[in-house]
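# Summary of structural features
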Amino acid sequence: MSELETGFRIGDVVAMIERRWPVVVGFTVVGLIAGYLVYAAAPTTYSATARVQVLPFDDAFGDSKGTEVDMATERDLVKSDAVADAIRQKVGLQGENRAILSHITVVIDPEGNSDVMAITFDGDTAKETQAGANAAAEGYLNARKASAKATADKALTNLQADITSASQAVEEATGAVNAAPQGSPERTQAQARLQAANSALAQLQAQQTKIRQFDPDAVGTITRKASVADPVTSKMALGKAVGVFGLFVLAGLGAAWLLDRRDGLGGGRRRIEALLPAASIRVMPGADGGNATPAEIDTAIDRLAVDLVAGGTPGNASSVLIIGAGMEPPVALAEELASSLAFAGIPALFVLAGTSERQLRHVHTVASFADLVTSGASVAGPAGLPAQAGEAALSNGPLVTWLRPKGSPEAAGLLRRAVVDSLVTRAGRERFEAVVFVAPSPSRTAAGSALGQWVGRTALVIGADERGQAEAAAQSLAAADVRVTEVVWT
């Protein structure tokens, strides 16, 4: 969606920031200081990590799980009461186990390709954090060793009962063999039972020997102890600092906007007053957003028209420049002024020093203003083909006449001071009391800056949609040493 569709113009925001940059920069600097203070006031935290390799032990007891280790389960076992007690005893932390275990973070390989766990401990001091990470790793391994030893003891107890039963079976089978006659089928069967009982007893005894040889310390090892912890940047503190900075920047933009809205209709009126100190500020009815009646608007336009052309007499016409702040000449306001002058009976010659798609009444197209002023024809008549054929003489025609260049003002020779002075002189001789030039923003063409130095009065017209460009236009006029007598807000 375009800026025109949304009513939001990025250029207006940029212009507002340029006008109020001290306010925005001030709030930004304060925001930086406040954000730093918030960040600096946050408590410093430390983080240390110990690495533990976890080894299986179930196969030593004949468990069907084999040699695989469930790392997810082992990760949860790190958050056990035994680990909390070990940390409390070594580090001296107080509080419930849940509070102590909240300092621990365990990371494992999500793909299951590694049997190493990273146990991280967060604390308030470097030594406390280092001790906490090592205590958590040792506490976990001690708990795992104790669990392995308890499992081995239980397996030995259960196995001893099986060995006792197997020994009795061997004794019974031996007695049956001794009691059976030599070469009898009964003796053969008894010998087979004895052999099976001896085999079962041997397997149980071998398993017993394997369990007795099991070392609980082999269930895991610390591959790397935690080193002295470094300070850790708190993400929460950093987020708060950035948030505070952002709030101050937004506050600065809001303050700049409020000041700009209160200062001259949102267009930097005080800034323009500083750039054009000799200019009178004139705010037309309705320019501030209020409701104005047609009578109030007509009265203000009549007063502006009379003030602009004041001092002109037949034979000595006054020269006026009406220059806009936008890309188009302020033709609409100029036509209103022309109507007011015609109604007041003041003959005026309006010269369009730019291009406009607006259709004008009583307009003549001029190919060369130099030829116009040197010819014997009336300046109110066409030097070339008129836009409207058959114009009557001034004495019988309209009091207000428009001239417009056939091409650009430069190509028509309008930007030569001798031509402008001759045009004003000829217009006075033909009983025009004012010559009014209408030009676009001086930041677009050179017509306004040049004509402003050669006319008696210059009025800068700032339309409702041109306030973002008003300061640039005022700066251009001030840089060209144009004496602006009126700034008109419409």
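Worth saying up front: this structure is predicted, and the values here are computed from it rather than measured.

## Here we look at the overall build of the protein
Helix and strand counts for the protein stand at 16 helices and 13 strands. Counting the 490 residues in the protein, one finds 41% classified as buried. Taking all contacts inside the protein whose residues are at least 6 apart in sequence as the whole, residues at least 24 apart take part in 79%. For the protein, the exposed area adds up to about 25,700 Å²; of that, 53% sits on carbon and sulfur atoms.

## Brief notes about helix α11 (residues 294-309)
Residues spaced three or four apart along an α-helix face the same direction, because each turn holds 3.6 residues. Over its 16 residues, α11 extends 23 Å from the first C-alpha to the last, a length consistent with the 22 Å expected when each residue adds 1.5 Å. Along α11, the positions that sit buried rather than exposed are Ala 300, Ile 301, Leu 304, Ala 305, Leu 308 and Val 309. Mapping the buried residues of α11 onto a view down its axis gives an arc of 145 degrees, with all of them on the same face. Residues of α11 that are buried make contact with β6 (280-283), β7 (318-324), α12 (331-344), β11 (434-439), β12 (457-462) and β13 (486-489). Following α11 by one or two positions, Gly 311 adopts a phi angle in the positive range, close to 100 degrees.

## Describing the nonpolar core
With 46 residues, the main nonpolar core has Leu 349, Val 351, Phe 369, Leu 423, Phe 437, Leu 460 and Val 487 as its most contacted residues. Of all the elements, helix α14 (residues 417-429) adds the most residues to this core, at 5 residues. Sequence-distant contacts of Phe 437, defined by excluding residues within four places in its chain, comprise Val 320, Leu 321, Ile 322, Val 351, Leu 414, Val 420, Leu 423, Val 424, Leu 451 and Val 455. One finds Ala 300, Ile 346, Phe 350 and Leu 352 within the second-largest nonpolar core, a separate group that totals 29 residues.

## With respect to unusual backbone geometry
The bulk of non-glycine residues show a negative phi, and the bulk of peptide bonds are trans. For Arg 431, which is not a glycine, the phi torsion comes out positive at approximately 70 degrees. Here Arg 431 lies in the loop between α14 and β11. You can call Arg 431 exposed: its relative accessible area is 55%. Residue Asp 481 is not a glycine yet carries a positive backbone phi of 60 degrees. Among the structural elements, Asp 481 can be located in the loop between α16 (470-479) and β13.

## What about the packing of helix α5 (residues 81-91) against helix α7 (residues 126-179)?
Interaxial distance between α5 and α7 falls to 8 Å at its minimum, and their mutual angle equals 140 degrees. By the criterion of interaxial angle, the relationship of α5 to α7 is oblique. Judged by the sense of rotation from one axis to the other, the crossing of α5 with α7 is right-handed. Touching Ala 82, Val 83, Ala 86, Ile 87, Lys 90 and Val 91 of α5 are Glu 128, Ala 131, Gly 132, Asn 134, Ala 135, Ala 136, Glu 138, Gly 139, Tyr 140 and Ala 143, all from α7. The residue makeup of the contact of α5 with α7, split by class, is 10 nonpolar, 3 polar and 3 charged.

## Things to note about the pairing of β13
Strand residues, when the strand is regular, have side chains that alternate between the two faces of the sheet. Alternating positions in β13 separate into two faces, Glu 486 and Val 488 on one and Val 487 and Trp 489 on the other, with burial throughout. Looking at chain direction, β6 and β13 are connected through 4 bridges and run parallel. Pairing of Arg 282 across the sheet is with Val 488, part of β13. Pairing of β12 with β13, which is carried by 4 bridges, proceeds in the parallel orientation. Note on β13: the bridge partner recorded for Ala 459 is Glu 486.

Criteria and cut-off values
- Residues numbered from 1 in each chain as written.
- Predicted model: local features only at pLDDT ≥ 70, side-chain atom pairs only at ≥ 80, totals over all residues.
- Heavy atoms only, no water.
- Helix = DSSP H or I, 4+ residues; strand = E, 2+ residues; numbered from the N terminus.
- Buried < 20%, exposed > 50% of the residue type's maximum accessible area, 1.4 Å probe, protein only.
- Contact = heavy atoms within 4.5 Å.
- Areas by Shrake-Rupley, 256 points an atom, 1.4 Å probe, with all protein chains shown as cover.
- Expected span 1.5 Å × (residues − 1).
- Arc of directions from axis to C-beta.
- Core = buried A, V, L, I, M, F, W, Y, C linked by side-chain atoms within 4.5 Å.
- Axes fitted to C-alpha atoms, helices over the stretch in contact; angles between N-to-C directions.
- Parallel < 35°, antiparallel > 145°, perpendicular 65-115°, else oblique.
- Left-handed = near helix turned anticlockwise from the far one by under 90°.
- Nonpolar A, V, L, I, M, F, W, Y, C, P; charged D, E, K, R; others polar.
- Pairing = 2+ DSSP bridges.

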